[in-house]
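Residue-level listing of the chains:
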Amino acid sequence: LQMEKLPSTISGKVDARSLPDPELAGPVAYVRPETKQEEDFAGIFERTLDLARVGALDNFFDIGGSSLLVTRVIVEAQAAGYALNYGDVFANPTPRALAAVSAASPPPRADAPAVKIPSAPRPDGRTGEPALRGALADYDYAPIDRLLAGNVIESLRRGSYRPLGDIAITGATGFLGIHVLREFLASERGTVRCLVRGKRIDGERRLKELLVYYFNDAFEDMFGSRISVVDGDATDAASWEALFGAPVDTLFNCAANVKHFAVGDEIDRVNIGAPEHAVRMCLSRRARLVHVSTTSVAGMSTAGLVPEESVLTEQRLYFGQRLEGQKYLNSKFLAERTILSSVAEQGLDAKIMRVGNLMARQEDGEFQINFNTNSFIGLLRAYRRLGLIPWEAQTAPSELSPIDLTARAILKLARTPRECCVFHPYDDHGVLTGDVIDAMSRRGLGIRSCETEEFTAALAEGLRDPEMSRDLGVLIAYSGEGGEEPVMLRSGNAYTSQALRRMGFSWPLVDEGYLDSFVEGLSSLGFFD
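From a predicted model like this one, the values you see are computed outputs, not experimental measurements.

Broken down by element type, the chain carries 20 helices and 17 strands. Taking as baseline every contact in the chain between residues at least 6 positions apart, the subset at least 24 positions apart corresponds to 79%. Per element, the accessible surface of the chain, about 23,000 Å² overall, is 49% carbon and sulfur.

Shown next, in the form of C-alpha cells:
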C-alpha cells in the first residue's frame, strides 16, 4: 500500500498501530502448464519456494521469490539442460515466459561445464551478462565518435582549466558522493547543494548521520553556510527544480542504482531518468555536468563477435560490445549516450567519469556501509565460504581504487578544458586476486588453493545447498548464445592517467598495508562471518 508518509511515534520510530489495514490483492487464477518446459519451470519454482502448486502464469517474485533465490532457479534450470542466465528470470518471471525463452535458445553444448571459474572481475567489481545488441547498434554514433576523437591530450594542453564554482551533488549519501562532498569541502571554497532522498528521517539529518559514520564529523558548522540540503528524489522533476533553486555552476551526478538485476523499471528510473533530468537542467541553467558512470560499459563479446583484445578507451563509447539483458550495464551505457549526444548536438558542457572498482579508503581502510552491493568482495566471500580457490583464479588481474583518491581524481578532472569529456579515473597499477587472498590468509581467513576440477565439484555441491547458494551466486557463469561463454572486455586509462599526472596526481602502489587494512575493515563488519 503506497503512503505519502509513515506514521511515527514521538521517538521517531514507525507507529505500527497507526498503519492502515493492508488491502490484499487476490491471487492469480491457476493456469495449468501446457508443455513439458512449462511443467519443468513450474516444478523448479515449487521446489525453490516450497510451494505445493505453481501455475504457468505465476510470477516468481509475486509468489515469494527474491533476487537471492534466482540463483537456485538458474542452478536447477541448467541441471535440467536449459541455457538461462539471471536476466532471463527477471525479464521472464513466469514458467510460461521462461519456457518460451528456453525454446528460442539452443541448449548448452554437451561439453560445456556446469560452472565456470570466474575470470578477472569487471573493473568495477560487478558481473556482466549478455544483452539487447540490436537496440544498441541501431543508432547513429557518428556525432559522438567525432566528439570523442577530440578527447585527447592535445585538447588538454591547448585548453584552460576552469574553476568548479558552486556545486550540486546528487547521490551525496552514497559511498562516492559523500567522498566527493568531503573532498570538495577540503579543497574548494564554493557552496554545495545536496539532493538527498529522506527515508525514515529528513535529508539533512540523514546526511549528517552518514558524515559522522564515514568521517566522525557532522560538519555542523558548514550547514547553512557552505552546505545546504534539498529533500527530494533524483527521478523527480520537481526535485531537480528545487536543487537548482539557487545558482549551480557544476553538477556532480553520483546518483545510481547499483543492483545487478531488479524487477520492473527501478534501475532505469534512476540510471537513465536522473541523467536525463540532469541534462535538461544543465542545458537550461548553463551549468557543467560531471556524470559518474562505470568502466563496465566496456561490455562483453560472445562467440568472437568483438575481438577479445578490444579495449574501451576514453575515445570510445560503442564498438560492438554486448550489454543487452543486464539492466545495470545497459542503463549506464544509455545514460552516457544521452549525455554525449547532448554535448555533440546541443552544446552541453559535460564530462563522464567511468569509475572502476571502488574500494576502501587509502587513509584508514574504511569501506562502504552497503558493502554487499560490491561483487568483487562478494567473490572473496564466495571463495571463503567454499574454503577453496582455483589456482587459475589467483592470477586474475583487477584494480582496487581507494574511494578517497577516486573522489580527489574526479574533482581534478572536472576542472579540465571543455573538450576533455570522458575520463577513466581508476587505479592504473592493478593487483591480482591472489594478492587479496594472501591478505585474507594473514588475517586468519585462509583459503586453500586447488585444481579447477576440485573447485568445480565443490561449487556444484555448494550451489545445491539453499543457504550456501546465497553467497555463491556470483560464481555462476553467465551463458552466452549457443552455449558460448561471454568474454568480459577490458578498459584502458592511459589518457586519464597522463592527464592526472599533469595535474599533480598519481595513484599510489597498492601494498600489503592497504590490503591488510582493507581485509581488516571487512572483517570488522562481519562480512566473512
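Having seen it, we continue.
Moving on, we come to the packing of helix 16 (residues 433–442) against helix 20 (residues 512–524). Packing of helix 16 against helix 20 brings their axes to within 9 Å, and their N-to-C directions diverge by 65°. Taken as a pair, helix 16 and helix 20 cross one another with a handedness that is right-handed. Note on element contacts: helix 20 touches helix 16 through Glu512, Leu515, Asp516, Phe518 and Val519, opposite Asp435, Val436, Ala439, Met440 and Arg442.

Aromatic rings in a pair are described by how distant their centres are and how their planes are angled relative to each other. The final tally for this structure, using the stated rule, is 18 aromatic pairs. An angle of 90° between the planes, with centres 5.1 Å apart, marks the rings of Phe505 and Trp507 as edge-to-face. Given the relative accessible area of 7%, Phe505 is considered buried. Within the aromatic cluster, the residues linked to one another by ring pairs are Phe175, Tyr213, Tyr214, Phe215, Phe219, Phe367 and Phe518. Here the guanidinium or amino end of Arg53 rests over the ring plane of Tyr30, the centre of that ring lying 3.7 Å away. Over the face of the ring belonging to Phe223 we find Lys208, whose NZ or CZ atom lies 4.8 Å from the ring centre.

Before going further, it helps to spend a moment on helix 11 (residues 266–285). The terminal C-alpha atoms of helix 11 lie 28 Å apart, and with 20 residues this matches the ideal 28 Å at 1.5 Å per residue to within 8%. Along helix 11, the helix axis deviates most sharply at Gly273, where the bend reaches about 30°; the proline Pro275 sits within four residues downstream. Buried within helix 11 we find Ile267, Val270, Asn271, Ile272, Gly273, Ala274, Pro275, His277, Ala278, Val279, Met281 and Cys282. Positive phi appears at Arg286, one or two residues downstream of helix 11, with a value of about 55°.

Our focus in this paragraph is the nonpolar core. By size, the foremost hydrophobic cluster in this structure holds 58 residues, and its most contacted members are Ile377, Leu380, Tyr383, Leu475 and Phe518. It is helix 13 (residues 375–386) that contributes the most residues to this core, seven residues altogether. Of all hydrophobic cores here, the second largest spans 49 residues; its members include Ile167, Ile169, Phe223 and Val292.

Chain-level pLDDT for the chain is 86 on average; 88% of the residues reach the 70-or-more range. Residue range residues 108–134 is modelled with pLDDT below 50. Its contacts to residues more than four positions away, or to other chains, number 112 contacts. When the criterion is pLDDT under 50, residues 477–483 qualifies, and its contacts beyond four places in sequence or with other chains add up to 29 contacts.

Attention now goes to the packing of helix 6 (residues 142–149) against helix 12 (residues 327–346). Contact geometry for helix 6 and helix 12: axes closest at 9 Å, N-to-C directions at 75°. Here helix 6 is positioned roughly perpendicular relative to helix 12, judged by the angle of their axes. Here Pro143, Ile144, Leu147 and Leu148 of helix 6 come into contact with helix 12, specifically with Arg337, Leu340, Ser341, Val343, Ala344 and Glu345. Of the residues belonging to the contact of helix 6 with helix 12, the class tally is seven nonpolar, one polar and two charged.

Here we come to helix 1 (residues 36–49). For helix 1, built from 14 residues, the straight-helix expectation of 20 Å at 1.5 Å per residue is met to within 8% by its first-to-last C-alpha distance of 20 Å. Taken together, the buried positions of helix 1 are occupied by Glu38, Phe41, Ala42, Gly43, Ile44, Phe45, Thr48 and Leu49. Once helix 1 finishes, Asp50 follows within two positions and takes phi at roughly 55°, a positive value.

Here we have seven strands laid out as an open sheet, ordered 3-2-1-4-5-8-13, and parallel in their pairing. With one partner strand each, in any of the chains shown, strand 3 (227–231) and strand 13 (422–423) form the two edges of the open sheet. In this sheet, strand 2 (residues 192–196) lies alongside strand 1 (residues 167–170) in parallel orientation, the contact comprising four bridges. Directly across from Ile169, in strand 2, lies its bridge partner Cys194. Each of strand 4 (250–253) and strand 5 (288–294) touches helix 11; the most contacted strand, strand 5, lies at about 160° to it. Contacts between helix 12 and the sheet are confined to strand 5, strand 8 (350–355) and strand 13, with strand 5 contributing the most and set at about 155° to the helix.

Taken as a whole, this structure holds zero disulfides when the rule is applied. Of all cysteine sulfurs in the structure, the one in Cys254 sits closest to Cys194, which takes part in no disulfide; the separation is 9.9 Å. With no disulfide of its own, Cys420 lies closest to Cys421 among cysteine sulfurs, the gap being 7.6 Å.

Unusually for a residue other than glycine, Phe219 sits at a positive phi of about 55°. The exposure class of Phe219 is buried, given its relative accessible area of 11%. Located in the positive-phi region is Arg286, a residue other than glycine, with phi close to 55°. Mapping Arg286 onto the fold places it in the loop between helix 11 and strand 5.

Another aspect to go through is the pairing of strand 5. One face of the sheet, then the other: side chains in a regular strand alternate in exactly this way. Here strand 5 lies mainly inside the structure; seven of its seven residues are buried. In strand 5, alternate side chains face the same way, and those of Arg288, Val290, Val292 and Thr294 on one face and Leu289, His291 and Ser293 on the other are all buried. In terms of strand pairing, strand 4 meets strand 5 through four bridges, oriented parallel. Among the inter-strand pairings, Leu251 is bridged to a residue of strand 5, identified as Leu289.

Reading the values: rules and limits
Residues numbered from 1 in each chain as written. Predicted model: local features only at pLDDT ≥ 70, side-chain atom pairs only at ≥ 80, totals over all residues. Heavy atoms only, no water. Helix = DSSP H or I, 4+ residues; strand = E, 2+ residues; numbered from the N terminus. Contact = heavy atoms within 4.5 Å. Areas by Shrake-Rupley, 256 points an atom, 1.4 Å probe, with all protein chains shown as cover. Axes fitted to C-alpha atoms, helices over the stretch in contact; angles between N-to-C directions. Left-handed = near helix turned anticlockwise from the far one by under 90°. Phe/Tyr/Trp six-rings, centres within 6.5 Å; stacked < 30°, edge-to-face > 60°. Buried < 20%, exposed > 50% of the residue type's maximum accessible area, 1.4 Å probe, protein only. Lys NZ or Arg CZ within 6 Å of the ring centre and 35° of its normal. Expected span 1.5 Å × (residues − 1). Bend = angle between axes of the 7 residues up to and from the residue. Core = buried A, V, L, I, M, F, W, Y, C linked by side-chain atoms within 4.5 Å. pLDDT = per-residue confidence, 0-100. Parallel < 35°, antiparallel > 145°, perpendicular 65-115°, else oblique. Nonpolar A, V, L, I, M, F, W, Y, C, P; charged D, E, K, R; others polar. Pairing = 2+ DSSP bridges. Disulfide = S-S within 2.5 Å.

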